Amino acid sequence: MPRLAANLSMMYTEHPFLDRFAAAAGDRFAGVEFLFPYEYPAADIQSRLQAQGLAQALFNAPPGDWAAGERGTASLPGRESEFRRGVDLALEYAAALGNRKLHLMAGLIQPGQDRAAHRAVYLENLAWAARAAASAGVTVVIEPINTRDIPGFFLNRQDEAQTVCAEVGADNLKVQFDIYHCQIVEGDIAVKLKRDMAGIGHIQIAGVPDRHEPDLGELNYPYLLEQIDALGYAGWIGCEYRPRAGTSAGLGWARPYLTHTGHTAT
């Protein structure tokens, strides 16, 4: 059965961030993910996880200046020191939260910039990050993202991401397979899942084209979730979508997969 994790950056936004953990547990999610934890002390997040009996499935390393439009630093020449400081900080949070998957955003490449130079930096940074994460028992993941949502994003295709991982050659470097992004860029989802499953470290889902609930739009998610199970994937599946209305009201599609009972810490 799929192990669903609520993405608390997109879901339950009707609640303050630290209250979203209880809301997700109340809807019987067993795990959560989010973009960035760094506005909050790790201890505050850890206490919410523990109180609700939730697992922390994934979060992102610092992305650069998010408010200014930056979307990662892993492939940006001249930002190597900043990238590595960010990974160090992320691994501190990962240790505190019991998190074992860390997403490293590639960043943007502008028209006219040297793609080969970006790629060389990307490979070097990923190799360094994989070594640092290995000692902490963490798997790092890279995610192809569509250029409709993030114009200029450096990494866009599943085969490209798998090639990058193969070139780095680290056992703890995998691909984050976001079905929403893959459908927009490539399609043929079930075939790509079968082709690449050995190299997939995390999966995310959302409806296409509007990034609402997975039962809205052009994809047959019951079929895809069956295929993911059949392929032997045992990791978390992050629900990274924007609810069309209230989060809980839109969870009818997920009810058959949600079995968490939660608990309150004493």
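Higher on the page you've got the structure.
Because the structure is predicted, anything quoted here is derived from the model rather than measured.

**Digging into the side chain of H181**
Here H181 lies in helix α6 (residues 179-185). Taking the relative accessible area as the measure of exposure, H181 reaches 4% and is therefore buried. Dropping the residues within four chain positions of it, H181 is found in contact with E143, P144, I145, N146, D149 and R211.

**Observations regarding the pattern of salt bridges**
Taken as a whole, this structure holds 15 salt bridges when the rule is applied. The residue E70 makes a salt bridge to R79 at a minimum N-O spacing of 2.9 Å. Its salt-bridge partner being E186, residue K192 comes within 3.9 Å of it at the nearest N-O pair. E186 carries the same exposure label as K192, and that label is buried. Through salt bridges with shared partners, one network takes in R148, D149, D178, R211 and E240.

**Here's the deal with the sheet that holds strand β7 (residues 200-205)**
The 8 strands are arranged β1-β2-β3-β4-β5-β6-β7-β8 in a closed barrel whose pairing can be described as parallel. Strand-to-strand twist in this sheet, taken as the mean axis angle between neighbours without regard to direction, amounts to 30°. Alignment of strand β1 (residues 3-7) against strand β2 (residues 31-33), held across 3 bridges, turns out to be parallel. By the bridge assignment for β2, A6 is matched with V32. Against the sheet, helix α3 (residues 80-97) engages β3 (55-60) and β4 (101-103), with an angle of about 170° to β3.

**Here's the deal with empty space enclosed by the protein**
Empty space among the atoms becomes visible once a probe the size of a water molecule is rolled across them. Scanning the model with the defined rule gives 1 cavity of 30 Å³ or more in all. Lining of the largest cavity is provided by A61, P62, P63, G72, T73, A74, F83, V87, L104 and M105.

**Some points on unusual backbone geometry**
Each neighbour pair has its own omega, and for V208 with P209 the value is 20°, a cis peptide bond. The backbone of R28 shows a phi angle near 75°, a positive value even though the residue is not glycine. You can see R28 is positioned in the loop between α1 (20-26) and β2. You can call R28 partly exposed: its relative accessible area is 38%.

**Quick notes on the packing of aromatic side chains**
By the definition in use, this model includes 10 aromatic pairs. Between the aromatic rings of F17 and F21, the centroid separation amounts to 5.5 Å while the plane-to-plane angle is 80°, which identifies the pairing as edge-to-face. Of the two residues, F17 and F21, both sit in the buried class. Here the aromatic rings of F21 and F34 are separated by 6.3 Å at their centres, their planes lie at 75°, and the arrangement is edge-to-face. Linking F21 in helix α1 with F34 in the loop between β2 and α2 (42-52), this pair joins segments that are 13 residues apart in sequence. No difference in accessibility class separates F21 from F34, as the two residues are buried. Grouped by ring-pair contacts, the aromatic residues F17, F21, F34, Y38, Y40, F59 and Y93 constitute a single cluster. Residue placement shows R3 over the ring face of W236; its charged tip is 4.0 Å from the ring centre.

**Details of the packing of helix α4 (residues 115-134) against helix α5 (residues 158-168)**
Put simply, α4 and α5 touch, their axes get as near as 10 Å, and they point 55° apart. When the axis of α4 is compared with that of α5, the two are oblique. Where α4 crosses over α5, the handedness of that crossing is right-handed. Seen from α4, the contacting residues are R115, R119, Y122, L123, L126 and A127; seen from α5, they are E160, T163, V164, E167 and V168. Looking at side-chain class alone, the contact of α4 with α5 contains 6 nonpolar, 1 polar and 4 charged residues.

**Quick word on the nonpolar core**
Counting residues in hydrophobic clusters, the biggest one holds 81 residues, and the most contacted among them are F21, F29, I179 and I203. Tallying contributions element by element places α4 first for this core, with 8 residues. Ignoring sequence-local partners within four residues, the contact set of I179 consists of I189, I203, Q204, I205, L219, Y221, L224 and I228.

**Considerations on the pairing of β7**
In terms of residue burial, β7 counts as a mostly covered element, since 6 of its 6 residues are buried. Where strand β6 (residues 173-178) and β7 come together, 4 bridges link them in parallel fashion. In the strand pairing of β7, V175 is matched with I200. When β7 meets strand β8 (residues 236-239), the two strands line up parallel, connected through 3 bridges. Within β8, the residue paired with I203 across the bridge is I237. Once you follow β7 into helix α8 (residues 221-230) and on to β8, the crossover reads as right-handed.

Cut-offs used in this document
Residues numbered from 1 in each chain as written. Predicted model: local features only at pLDDT ≥ 70, side-chain atom pairs only at ≥ 80, totals over all residues. Heavy atoms only, no water. Helix = DSSP H or I, 4+ residues; strand = E, 2+ residues; numbered from the N terminus. Buried < 20%, exposed > 50% of the residue type's maximum accessible area, 1.4 Å probe, protein only. Contact = heavy atoms within 4.5 Å. Salt bridge = Lys/Arg side-chain N within 4 Å of Asp/Glu carboxyl O. Pairing = 2+ DSSP bridges. Axes fitted to C-alpha atoms, helices over the stretch in contact; angles between N-to-C directions. 1 Å grid on protein atoms, 1.4 Å probe; cavity = no way out; pocket = protein on both sides within 12 Å on 5 of 7 lines; lining within 4 Å. Points joined across faces, edges and corners; volume = space filled by probe spheres on them. Phe/Tyr/Trp six-rings, centres within 6.5 Å; stacked < 30°, edge-to-face > 60°. Lys NZ or Arg CZ within 6 Å of the ring centre and 35° of its normal. Parallel < 35°, antiparallel > 145°, perpendicular 65-115°, else oblique. Left-handed = near helix turned anticlockwise from the far one by under 90°. Nonpolar A, V, L, I, M, F, W, Y, C, P; charged D, E, K, R; others polar. Core = buried A, V, L, I, M, F, W, Y, C linked by side-chain atoms within 4.5 Å. Right-handed = clockwise from strand over helix to strand, strands pointing away.

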